[in-house]
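Geometric and topological summary
So you can see what is in the structure, the chains are spelled out below.
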Amino acid sequence: MSALSVPGVRRRGRGDRSAPLFAGPVVLLAGLFLVLPMGLALVFSLTEIAPLSGKVGWVGLTNFATMAADPTFFRSLLNTALFALVTVPGSMAIGLALALLMNSVLPARPLFRTVVYLPLVISGVAVGLIGSLLFNETSGVLRALALTFGLPVVPWQSSGPAAFASVVLITLWIRVGFCMIIYLAALQAVPPELHEAAQVEGASGWQRFRHVTLPLLGPATFFLLIMSVIYSFNVFDTVFVLTGGGPGSATEVLGTYAYDTAFGPARDQGYGAAIGVVVFVLTMAFTLVQWRRSRAARDGAL
Amino acid sequence: MVATVPTRGLTVVDARAHTARTPGRPGRRRVGWTLRVVAAVLVAVVMVFPLWVMLVTAFSSGSAYSQTLRLWPSEPTLGNFTRVFAAWPVGSWFANSVAVAGVTTVLSVAVSLTGGFAFAKLRWVGRTPVFLLLLATMMIPTQAILVPQFRLVSSLGLVGTFWAVILPGAAATFGIFLARQFLMAIPTELVEAARVDGASTPRVFWSIVLPLCRPLVAVLTLLALMYQWNDFLWPLIVLRDPALFTLPIGLQFLQGQYLTDYGALMAMTLLATAPLVVLFLVFQRYFVQGLATTGLR
């Protein structure tokens, strides 16, 4: 609704004649490289594309039937869901805790904030490589650390669950800064008068957090939830470089599996497109459900 | 204000004095402060640790980690850098990254600014639906359109050229969203006044609107640079000639060459990471502002 009431340059007639000049480039680029491919994805998911010649043949729903009987697909779907289930609440909870900490009275606060943000700007490939330096089973830093302190050495690479844990840990390292940015912005928007009023009423620190701060963080939480889930369903770089989906398919996620299928040795692009469509549908479904839930919660509160 | 309600006013003043810091008795306050500092230091150590070992490894000779933990390069050396530079065209990968990220950034900032202006300040048929469509593309997962995008770019004959990375990269619609948001806050009267004086729309954009957009340009530039400099999956698919590699693909390629030679790998990781880290340290305010608004990453 608000988009309709946008104040614009009022002109009589159909509108500004130079509008196409200004909107054209971005609309063209986005239309050609984002909207059109999205439509084509649906088409290609119903085809078989020959690996070498690139010849496209219509196969109907065959790709989806293959998917329904593909254990690696289900494994990567499950892994992706598990990854989201752990990293999304994990990074958000830690991000919130850090935001509260960094919003309190603290010496050298800007320095601490910078340190938490820093991993944000590092590329997924670099993060994966740094992760491999940490988690390498025979020559990694964590192994040396464990030996130094007499702790048990974890088989980060050969054990499936440990490898999965390594992917989760490195993801938390890069994601908490982003969650902290969003929560910190939200915390700074909480009017201090509310806290003072609650304190006058005798609310304890926890009660003030639970009943004053937390409800006001709702929009930030909603935003982070959507963004983090999209990230999870998209995750590729770090996993690809750190574990390559292994050992076996213990850390195979939809991102790495779709890439391997379409651009790996098999080069089955029709099937790859079909996996992409599933990723898209899952992301959209989640976003819509969350959006409706948040709207229902807001309407209920009014 | 406070003095108007004498009896309760005192309590309010009292409470206000407390909330300025942490509430509670002075002793507890001090304990709380100490705990927070300890927590912050611990967090900082954990966050910096991976970067620190990257640095140490990059400047250490030989295999840095076998049995014992090393937190300082024993014999600081640039050997890792010279070794890799001698064997692979890392310099041209760096140059490729600068060129691709640079051109893409300039393009994407330009189309975001003009587009943002059109969506915020111009009136035209279909403005709202087109904007909503662009907004929706922000939610398309990269994975979902990988195959069709590749086939499209390939049918345009762009695969194996930098344009295959630059053109789709410039279509990053987060910029439109940011630019529109920013430009809507510019008073329409300003634009109207120039109009009344007979200025054309391009003229209004160029000499009235653009000069007000410096913070916006800073945010757009930094975010686009970060995104393009780090982009991996798409360049990996369309730039297959080692001469055309950008740093992220080059890094991943070197991982296959050097395996667990972490001295070499960390030297190159540092090389690929340092420019953005420096940029971030200098322009942190804009980065944070941009990330908080768009949620990119």
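Residues numbered from 1 in each chain as written. Chains lettered and ligands numbered in written order. Predicted model: local features only at pLDDT ≥ 70, side-chain atom pairs only at ≥ 80, totals over all residues.

Before going further, it helps to examine the overall build of chain A. Across its full length, chain A carries 13 helices and two strands. Overall, the C-alpha framework of chain A stretches about 80 × 75 × 35 Å when taken along its three principal axes. Residues counted as buried form 43% of the 302 residues belonging to chain A. (Helix = DSSP H or I, 4+ residues; strand = E, 2+ residues; numbered from the N terminus. Buried ≥ 20, exposed ≤ 12 C-beta atoms within 10 Å, placed from the backbone.)

Bringing the overall build of chain B into the picture now. Along chain B, the regular secondary structure elements total 14 helices and zero strands. Seen in sequence order, chain B has helices and strands lined up from the N terminus as α-α-α-α-α-α-α-α-α-α-α-α-α-α. The buried share of chain B, reckoned over its 297 residues, is 43%. Across chain B, contacts joining residues at least 24 apart in sequence account for 72% of those joining residues at least 6 apart. (Contact = placed C-beta atoms within 7 Å.)

What follows is about the interface of chain B and chain A. With 97 residues of chain B at the interface, the matching set in chain A holds 94 residues. The greatest single-element share of the side of chain B that touches chain A, amounting to 14 residues, is contributed by helix 2 (residues 26-58) of chain B.

Once that is clear, we can look at the environment of Phe 253 of chain B. All names here are of chain B. When you line up the elements, Phe 253 lands in helix 13 (residues 247-258). Residue class for Phe 253 comes out partly exposed when judged on the 15 C-beta atoms lying within 10 Å of it. Residues Phe 253 and Leu 158, 95 residues apart in the sequence, show an inter-C-alpha distance of 22 Å.

Here helix 6 (residues 141-148) of chain A has its buried residues at Val 141, Leu 142, Arg 143 and Ala 144 of chain A. Two residues or fewer past helix 6 of chain A, Gly 150 of chain A is found with a positive phi of approximately 65 degrees.

Further remarks concern helix 10 (residues 218-234) of chain A. Relative to the 24 Å expected for 17 residues at 1.5 Å per residue, helix 10 of chain A spans 24 Å between its end C-alpha atoms, a close match to the ideal helical length. Regarding helix 10 of chain A, the residues found buried are Ala 220, Leu 224, Met 227, Ser 228, Tyr 231, Ser 232, Phe 233 and Asn 234 of chain A. (Expected span 1.5 Å × (residues − 1).)

In many reports, interface size means the accessible area that the parts give up when they come together. All names here are of chain B. Structurally, chain B comprises domain 1 (2-58) and domain 2 (84-294). For domain 1 versus domain 2, the separation of C-alpha centres amounts to 38 Å. Opposite the four residues of domain 1 that make contact, domain 2 presents six residues. (Domains from an automatic or database assignment.)

Right, let's talk about the packing of helix 5 (residues 124-135) of chain A against helix 7 (residues 160-188) of chain A for a bit. All names here are of chain A. Two elements in contact, helix 5 and helix 7, have axes whose closest approach is 11 Å; the angle formed by their N-to-C orientations is 130 degrees. On the basis of the axis angle, helix 5 is oblique to helix 7. Our pair here, helix 5 against helix 7, has a crossing hand that is right-handed. Residues Val 127, Gly 131 and Phe 135 of helix 5 form the contact with helix 7, whose participating residues are Ser 166, Ile 170 and Ile 174. Here the contact of helix 5 with helix 7 is built from residues that sort into four nonpolar, two polar and no charged. (Axes fitted to C-alpha atoms, helices over the stretch in contact; angles between N-to-C directions. Parallel < 35°, antiparallel > 145°, perpendicular 65-115°, else oblique. Left-handed = near helix turned anticlockwise from the far one by under 90°. Nonpolar A, V, L, I, M, F, W, Y, C, P; charged D, E, K, R; others polar.)

With that settled, consider the confidence of the model for chain B. Residue and element names in this part refer to chain B. Residues at a pLDDT of 70 or more form 88% of chain B, whose mean pLDDT is 85. The lowest-confidence element of chain B is helix 1 (residues 6-19), averaging 34 in pLDDT; the highest-confidence one is helix 4 (residues 90-121), averaging 95. The model gives residues 1-22 a pLDDT under 50, and that stretch makes 19 contacts with residues more than four places away or in other chains. In the predicted assembly, ipTM is 0.88 and pTM is 0.88. (pLDDT = per-residue confidence, 0-100.)

The biggest cluster of nonpolar side chains holds 167 residues, and the ones touching the most others in it are Leu 133, Cys 179, Met 180, Tyr 183 and Ile 275 of chain A together with Phe 117 and Met 268 of chain B. Each of domain 1 (2-58) and domain 2 (84-294) of chain B gives at least three residues to this core. With near-sequence residues (within four places) excluded, Met 180 of chain A lies in contact with Gly 95, Leu 98, Ala 99, Met 102 and Val 116 of chain A. (Core = buried A, V, L, I, M, F, W, Y, C linked by C-beta atoms within 7 Å.)

This brings us to unusual backbone geometry. Residue and element names in this part refer to chain A. Here Gly 246 and Pro 247 are connected by a cis peptide whose omega angle stands at 0 degrees. Of note in the backbone geometry, Ala 108 takes a positive phi value of approximately 55 degrees without being a glycine. Assignment of secondary structure puts Ala 108 in the loop between helix 3 (71-103) and helix 4 (109-117). In this structure Ala 108 comes out as partly exposed when scored by C-beta crowding, with 13 C-beta atoms within 10 Å. Residues other than glycine seldom take positive phi values, yet Arg 267 does so here, at roughly 50 degrees. Relative to the helices and strands, Arg 267 resides in the loop between helix 12 (254-263) and helix 13 (269-301).

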